[in-house]
Amino acid sequence: MARGFRLTTPRLSSQQSFIPARVASSHAAAQVLVPSVGKAAGDGTSRCPHLQREVSTLSFAMDEVIMADTVSKVTNHRVNSGRGYEDIPRPKGSIPFMGTWIDALRHGVVTRVHEYVDMRYKQLGPIYREKLGKLEAVYIFDPQDVQRVFMREGRHPRHVIPEAWLLHREITDKPRGLFFMDGEEWLSRRRVINQLLLHPRALPHFSQRINDTINDLIKHWTNRSPVSTTAAPPNTGDPTGQSITINNIQEDVFNWSIECVGTVLFNQRLGCLASIAEDTASDTEAFVQAIQDTFRTTMVLTLFPPKLARALSLPVWWKFVRSMDTSLTIARRFIDNSMKAVLQRPESETDVSEGKPDVCSSLMALQRYDLDEVAALTADLFSGAAHTISNALAWAFYLVGQDQRVQDKIYEEVQRVVGSETGAITPDMLKEMVYVKAVIRETLRLYPIVPFHTRYLYEDISIQGYTVPANTLIMMPTYSMGRDEKTFAQADKFLPERWLRKRSNKAGGNDVISEGNGCPFNHGKDVSSSTDTATGGTNVNYATIPFAVGARACVGRRLAETEMHLMLAKVIKQFRVKYTGDGPVGIDLRMITAPKDPIKLRLELRDSP
Ligand code: HEM
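The name an unreviewed UniProt entry assigns to the chain is Cytochrome P450, from the organism Ramazzottius varieornatus.

Rendered as C-alpha cells:
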C-alpha cells in the first residue's frame, strides 16, 4: 500500500449526524496538535515523566478549558504519518460486508466484547482496525494516543450513538437528551446542565438528600431481613454477630440510585425504596428489566444492521423496541409525576445554583425549553444515572467484600474523619476521605462501567505512525487499558493504594496520605505494601478515565462520585461486608460492564457504628 494513503469517504454512518460545514469550520482552529506526549509538563507541576498536562474533567466550563488549553499550543497541524489507514493492522479472515463478524460470534462477542477486543489487542498491537458487521472502527490502546484523541476532539466532540437508538428516535419522533445531541444544539444545553450538575456549588446542596436516601436504604434492609443474630465468630473484635443478608446488591442499589437521583433532579421522593422493604414487584423492577433488555438487544443490533432487523421483523428488533418503549414510558411516568410537583412550587424555589431545590425546576425556570424538552433532558440524566452507579457500587462491594484489609482501612479513615458523629457525612468530610475515593477509582479501573470511549475527530490524526482519517470511528477500550500490565503493576489486583501518595509532614507530625494525581506507574515498587505508589504524577491518567475527559465527559460525574463515596463510607462505617457468592463473578457486557451473576453479601453490624 502506498505510503500516506488516505480514504476520502467519511466513515461516519449516515445515521450519525454530520456536523454542518458552518459549525465544523467555526472551530477548526481548535483542531491542533498537542505538544508531543511523554514529555513532562512544562508548567512545573509534573514530577512524573510519564504524564502530560491535565485536562480538568471537573471544570464546569470544560469546553472553554479545553479550548484554552489546546489553542494556547497551536502549531500548524498537518498529519504526515507515513502509513495510511489501509496499512493499520487488522485481523485475518475479514469478508465483504460482514467483516470478521462470524469469527467474533464464535468468541461470544455479544456479551464478552471486552475479552474479544483484548484478545485482538494482544494479537495485533496498540492500534488495529476491524469491521464487525456494520461497525467499522479503529481500536487504540496506548494511553498517550488516547490523550491525543481527547485533546483534539474539538469544540463539539462526537461520540458513537448506537444506530438502533437513532432509528428508534426517528420512528418515535420524540426529543431526546444530551447523549443524542451534537453541534451547537448539544453545546448550549450541555453548558446549562454543567452549571447544574458539575458546578462546585451544586453538589454540597444535594449531599444531605443523598445521605438521607442511604439511611433509608439501610433502614429498608433492616426491615426486610431483620438483623439476625448469628453465632459471633470468636476473636473478630468488631462484629456483634448480627447480620443482614443481601441476595442481589445490584438490584437494591439500583432502586436506591433511582430514588437518589430523583431527589437531585426533582427534589421528590419516588418511593422506589419501598419495594426493597416489602420485597414486592414495582415500577422500578420493570424499569430495571427494560433497561437491561434495551442494552442487551442494542449489543446485538450494533453488529446486525437495525434497519435490516426491522425490515425482516426479527424478534431482536421487536424486543429492542418493546424494552426501549417500556423504559421511556416508566421514566416518563416518574418524570411527569415529579414535574407536576415542581410546577406547583412557588417560583422562588427554582434555581439550584442559588441553593434552590433541583435540576428540573432550574431548567424550567430558565424558560428556554418547553416541557417536552425538559422531560427529555432529565430522562437522559435519570436513566444515565441509575444503571451506571448501581453497577459501579455492586462491583465496589464485590471487591471490598472479599478484602478485609481494604475494608479495615476504609473503616479507619471514616472513623478518623467522622468520629462518633452519627449525622450526615458532609462534603467537607468527604474531601478528607482519600482512601474511600481511591477504592472507587480502583474499582472503576478494574470494572470500567462504560466499556469503550468513542470519538469521531474532525481532522486526520496520526496514531502509532498511521494516518487515521477524519470521521473514522475511534474506539478506546477501557477494560483492556485499565488492566494493561504495561501501565499498571499487578494490574489484575485490587490495590486502592496505587492512587495514593505519601507526603512528609513538614510540621513534624505524621506523614500525610493524600490523593495521588493519577500516575499509575509504580516506578518499580510493590504497590500492595506501600502508600507511596502513585508517585509524583500530576495529571489525569488516560489509561483509566471511567468518566472520559474533556467537554463531553460524563456530566453526572460529580453526582456519581459523591453518591458512591457516601454509600461506601456509610455502609462500611456500620457494617463489615462479606461477599457470600459461589466464587468469582464475571462480566456481562450489556453496553455497560455489569456483573454476570447477582452479587450476594452479608452485612455484619459493627459494635460501634
Ligand atoms: C459510575 C457512574 C458513571 C460513569 C462511569 C459514567 C460514564 C460516562 C461516560 C464514559 C460518558 C461518555 C462521555 C463521552 O462520550 O465521552 C458519559 C456520558 C454521560 N453521562 Fe455518565 N457516567 C456515570 C454516571 C452518570 C450519572 C450519575 C449521570 C446523570 C446524573 C450521567 C449522565 C450522563 C450523560 C447525560 C452523558 C452524556 C453527556 C453528553 O453527551 O454530553 N452519568 N458517562
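### Some remarks on the pairing of strand S14 (residues 601-605)
The buried count for S14 comes to 4 of 5 residues, which makes it a mostly enclosed element. Note: strand S4 (residues 242-246) against S14, 4 bridges, orientation antiparallel. Bridge pairing links Thr245 to Arg602 in S14. Pairing geometry for strand S11 (residues 575-579) and S14, over 5 bridges, is antiparallel. Bridge pairing links Arg576 to Glu604 in S14.

### Some thoughts on the coordination of the iron atom of the ligand
Among protein residues, the single donor to the iron atom of the ligand is Cys554 (SG), with a metal-donor distance of 2.3 Å. Residue placement: Cys554 occurs in the loop between strand S10 (512-515) and helix H20 (557-574).

### Notes on helix H6 (residues 163-172)
Glu163, Ala164, Trp165, Leu166, Leu167 and His168 are the residues of H6 that are buried. Phi turns positive, to about 55°, at Asp173, one or two residues after H6.

### Regarding H20
An α-helix turns once per 3.6 residues; consequently, residues spaced three or four apart project the same way. Relative to the 26 Å expected for 18 residues at 1.5 Å per residue, H20 spans 26 Å between its end C-alpha atoms, a close match to the ideal helical length. Of all the 18 residues making up H20, 16 are buried; the element is thus mostly covered by neighbouring parts of the structure.

### Here's the deal with the packing of helix H16 (residues 404-418) against helix H18 (residues 434-446)
The relative placement of two packed helices is expressed as an angle between their axes plus a distance between the axes. Here H16 crosses H18 at 145°, and the two axes come no closer than 8 Å. Contact residues: Arg405, Val406, Lys409, Ile410, Glu413 and Val414 in H16; Val434, Tyr435, Val436 and Val439 in H18.

### A look at the nonpolar core
The biggest cluster of nonpolar side chains holds 146 residues, and the ones touching the most others in it are Tyr139, Trp256, Phe382, Phe397, Ile410 and Met433. Considering each element in turn, this core owes the most residues, 18 residues, to helix H15 (residues 371-400). When near neighbours in sequence (up to four residues on either side) are disregarded, Phe382 contacts Ile258, Val261, Leu265, Phe266, Leu270, Phe287, Ala331 and Phe334.

### Describing the site of the ligand
Not every one of the 25 residues close to the ligand is listed here, only the nearest: His159, Trp186, Arg455, Arg552 and Cys554. Between the ligand and Trp186, the relevant distance is 2.8 Å, taken from an oxygen atom to a side-chain nitrogen or oxygen of the residue. At a separation of 2.6 Å, an oxygen atom of the ligand approaches a polar side-chain atom of Arg455. Residue contributions to the shell around the ligand peak at 6 residues, all from H15. A breakdown of the residues in the shell around the ligand according to their chemical character gives 17 nonpolar, 5 polar and 3 charged.

### Describing the packing of aromatic side chains
Applying the stated criterion across every chain yields a total of 14 aromatic pairs. Ring centres of Tyr128 and Tyr139 lie 4.8 Å apart, and the angle between their planes is 10°; on these two criteria the pair is classed as stacked. Of the two residues, Tyr128 sits in strand S1 (residues 127-132) while Tyr139 sits in strand S2 (residues 135-140), which places them 11 residues apart along the sequence. For Tyr128, a relative accessible area of 0% gives the class buried. Since its relative accessible area comes to 1%, Tyr139 is described here as buried. Through a chain of ring-to-ring contacts, the aromatic side chains of Tyr121, Tyr128, Tyr139 and Phe141 assemble into a single cluster. We note Arg158 situated over the ring of Tyr458; from NZ or CZ to the ring centre the distance is 4.1 Å.

### Overview of the domain arrangement of the chain
By a frequent convention, interface size equals the accessible area lost on bringing the separate parts together. For the chain, the domain assignment lists domain 1 (84-154 + 451-487) and domain 2 (178-450 + 488-517 + 532-537 + 546-605). Of the residues lining the interface, 25 residues belong to domain 1; the matching set on domain 2 comes to 29 residues. Buried area between domain 1 and domain 2, summed over both chains or domains, comes out near 2,200 Å², and the portion from carbon and sulfur atoms is 62%. At the boundary of domain 1 and domain 2, one finds 1 salt bridge. Our count for the domain 1 to domain 2 interface comes out at 7 residue pairs in polar contact (both at pLDDT 80 or more). Among the secondary structure elements, those contributing two or more residues to the side of domain 1 that touches domain 2 are helix H4 (109-124), strand S5 (452-456) and helix H19 (478-482). For the side of domain 1 that touches domain 2, the leading source of residues is H4, giving 5 residues. Here the residues of the side of domain 1 that touches domain 2 are counted per class, giving 11 nonpolar, 7 polar and 7 charged.

Cut-offs used in this document
Residues numbered from 1 in each chain as written. Predicted model: local features only at pLDDT ≥ 70, side-chain atom pairs only at ≥ 80, totals over all residues. Heavy atoms only, no water. Buried < 20%, exposed > 50% of the residue type's maximum accessible area, 1.4 Å probe, protein only. Helix = DSSP H or I, 4+ residues; strand = E, 2+ residues; numbered from the N terminus. Pairing = 2+ DSSP bridges. Donors = N, O, S within 2.8 Å, 3.2 Å for Na, K, Ca; no water. Expected span 1.5 Å × (residues − 1). Axes fitted to C-alpha atoms, helices over the stretch in contact; angles between N-to-C directions. Contact = heavy atoms within 4.5 Å. Core = buried A, V, L, I, M, F, W, Y, C linked by side-chain atoms within 4.5 Å. Near = heavy atom within 4 Å. Polar contact = N/O pair within 3.5 Å; in protein donor to acceptor, adjacent residues only side chain to side chain. Nonpolar A, V, L, I, M, F, W, Y, C, P; charged D, E, K, R; others polar. Phe/Tyr/Trp six-rings, centres within 6.5 Å; stacked < 30°, edge-to-face > 60°. Lys NZ or Arg CZ within 6 Å of the ring centre and 35° of its normal. Domains from an automatic or database assignment. Buried area = accessible area lost by both parts, 1.4 Å probe. Salt bridge = Lys/Arg side-chain N within 4 Å of Asp/Glu carboxyl O.

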